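Chain and residue survey
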Amino acid sequence: MRAMLLEHARQRLRRVELADPEPGPGQVLISVAACGVCRTDLHILDGELSDPKLPLVPGHQIVGAVVEAGEGAERFAPGDRVGVPWLGWTCGECRYCASGRENLCDRARFTGYDIDGGYAELALADERFCFPIPESYSDEQAAPLLCAGLIGYRALRFLGDAERIGLYGFGSAAHILCQVAVHQGRRVFAFTRPGDGATQAFARELGAEWAGSSDGPAPEEIDGAIVFAAVGALMPAALRASAKGARIISAGIHMSDIPAFPYEILWGERVLGSVANLTRQDGEEFLQLAPRVGVRTAVEVHPLEDANEAIDSVRSGRLRGSAVLRVGGPAR
Ligand SMILES: [Zn+2]
Ligand SMILES: [Zn+2]
């Protein structure tokens, strides 16, 4: 199979031919149709997440068709369209798994990190961690739902019923979440890099009431914020822009150091926190919600061979929405 391979951190992906994988017990073999590019992929490539399997096929927003099932795998039939997210396997036994928090599993294995992912024509997945994909989405449009959409959805729940929501960094995740939040009747304030008028206009198109620079407050205080950009300085910036009782949640897996800040900006029952990974329940809920809300994803599609260019596009910050790799033929 054709694949784009990471051999060492801080190198470009290399186009290679690999042996076709075969499904083991409980696994499905998937013909990859499309795979989303996530900010986390950049952190892996840049060596900021230190322990990937190497060499590695990245990619954890996989949409494809089941080709073959391994021993005991009966959940999907050949031809079924499925999605594979970041959470690839959990132990089912640790204190986190036993308390409904499999996203925090001590022994969790992640797609495109511990397990080869979707920057390839074929991928293996544990069938218990795959999701059916809603009919109303094309392969490319569905791919960003699988991480950007899911993580944003999980983070949003941490804000409770906050009315005025700040989104810091308006990329793949925020452009999806903005639509969900507006649908729920919340007011969205989009904070972007200073001077990024194009992204601010994009946020307003998707229903944000205000969009402006992340280095200052919005016209009103916010009741909660999700920080998607990997910039630690945005955490105190969001605190400064927030009302009493606000929760400020980082939704990224890696962030630059958070600078020291005066206690008075945390005072007033403000809370700083983070969201990690996803549970299968998050995925099932969100993939039912997205078509009901009418979430549309804006995707920039690249062929598999241009994965490095797609990554550059995500890195540039100029991307409108999400970058997706087109891999094989349609999944349905
Ligand atoms: Zn566990
Ligand atoms: Zn991701």
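Keep in mind it's a predicted model, so treat the numbers as computed, not measured.

Moving on, we come to the coordination of the zinc ion (ligand 1). Every protein donor of the zinc ion (ligand 1) is accounted for by Cys-91 (SG), Cys-94 (SG), Cys-97 (SG) and Cys-105 (SG), and the metal-donor separations fall at 2.3 Å. With four donor atoms in place around the zinc ion (ligand 1) and angles of 103 to 116° between them, the coordination shape is tetrahedral. Here the donor residues of the zinc ion (ligand 1) are spaced in sequence according to C-x2-C-x2-C-x7-C. With Cys-91 in the loop between β6 (87-89) and β7 (109-110) and Cys-105 in the loop between β6 and β7, the pair connects residues that are 14 residues apart, well separated along the chain. Overall, the relative accessible area of 11% leaves Cys-91 in the buried class.

Among the 10 residues that make up helix α3 (residues 148-157), nine are buried, leaving the element largely enclosed by the rest of the structure. Listed as buried for α3 are Ala-148, Gly-149, Leu-150, Ile-151, Gly-152, Tyr-153, Arg-154, Ala-155 and Leu-156. Each element contacted by the buried residues of α3 is listed here: β9 (131-132), β10 (164-168), α4 (172-183), β13 (222-227), β14 (242-250) and α7 (280-293).

What follows covers helix α8 (residues 307-316). Along α8, the residues that are buried comprise Ala-307, Asn-308, Ala-310, Ile-311, Ser-313 and Val-314. Looking at the packing, one finds that the buried side of α8 touches β1 (2-5), β3 (27-37), α1 (39-45), β16 (299-303) and β17 (322-326). A positive phi of about 75° marks Gly-317, the residue just after α8.

In this structure, Val-37, Tyr-119, Leu-167, Ile-226 and Phe-286 are the most contacted members of the largest nonpolar core, which totals 97 residues. Ignoring any residue separated from it by four or fewer positions in sequence, one finds Leu-167 in contact with Ala-174, Leu-177, Cys-178, Val-188, Phe-189, Ala-190, Phe-191, Ile-226 and Phe-228. Counting residues in each nonpolar core, the second largest holds 17 residues, with Phe-189, Phe-191, Ala-225 and Val-227 among its members.

This paragraph deals with the packing of aromatic side chains. Here the distance between the centres and the angle between the planes together describe a pair of aromatic rings. Following the criterion strictly, the structure yields eight aromatic pairs and no others. Measuring from ring centre to ring centre gives 6.4 Å for Phe-189 and Trp-210, while their planes differ by 40°; the resulting arrangement is tilted. In this pair, Phe-189 is assigned in strand β11 (residues 187-192) and Trp-210 in strand β12 (residues 210-213), connecting sequence segments 21 residues apart. When its relative accessible area of 1% is taken as the criterion, Phe-189 is described as buried. Each residue in the set Tyr-168, Phe-189, Phe-191 and Trp-210 is aromatic and connected to the rest through ring pairs, giving one cluster. Seen from the ring of Phe-129, Arg-280 lies directly overhead, with NZ or CZ sitting 3.9 Å from the centre.

Of the voids in this model, the largest pocket is the one considered here, and its volume is about 990 Å³. Contributing to the lining of the largest pocket are 45 residues, with Arg-39, Gly-171, Phe-228, Ala-229 and Ala-230 lying nearest its centre. Residue assignment for the lining of the largest pocket shows that the elements contributing at least two residues are α1, α3, α4, β11, α8 and β17. Taken together, the residues of the lining of the largest pocket break down into 24 nonpolar, 17 polar and four charged.

All right, on to the coordination of the zinc ion (ligand 2) then. Bound to the zinc ion (ligand 2) are the protein donor atoms Cys-38 (SG), His-60 (NE2) and Cys-147 (SG), situated 2.0 to 2.2 Å from the metal. Ordering the donors of the zinc ion (ligand 2) by residue number gives the pattern C-x21-H-x86-C. Pair noted here: Cys-38 is in the loop between β3 and α1 and His-60 is in the loop between α1 and β4 (62-69), with a separation of 22 residues, a long-range link. The two residues Cys-38 and His-60 agree in class, both being buried.

Thresholds, definitions, all that
Residues numbered from 1 in each chain as written. Chains lettered and ligands numbered in written order. Predicted model: local features only at pLDDT ≥ 70, side-chain atom pairs only at ≥ 80, totals over all residues. Heavy atoms only, no water. Donors = N, O, S within 2.8 Å, 3.2 Å for Na, K, Ca; no water. Tetrahedral: all angles 85-135°; square planar, octahedral: opposite > 155°, others 65-115°. Helix = DSSP H or I, 4+ residues; strand = E, 2+ residues; numbered from the N terminus. Buried < 20%, exposed > 50% of the residue type's maximum accessible area, 1.4 Å probe, protein only. Contact = heavy atoms within 4.5 Å. Core = buried A, V, L, I, M, F, W, Y, C linked by side-chain atoms within 4.5 Å. Phe/Tyr/Trp six-rings, centres within 6.5 Å; stacked < 30°, edge-to-face > 60°. Lys NZ or Arg CZ within 6 Å of the ring centre and 35° of its normal. 1 Å grid on protein atoms, 1.4 Å probe; cavity = no way out; pocket = protein on both sides within 12 Å on 5 of 7 lines; lining within 4 Å. Points joined across faces, edges and corners; volume = space filled by probe spheres on them. Nonpolar A, V, L, I, M, F, W, Y, C, P; charged D, E, K, R; others polar.

Shape descriptors only; they carry no functional weight alone.
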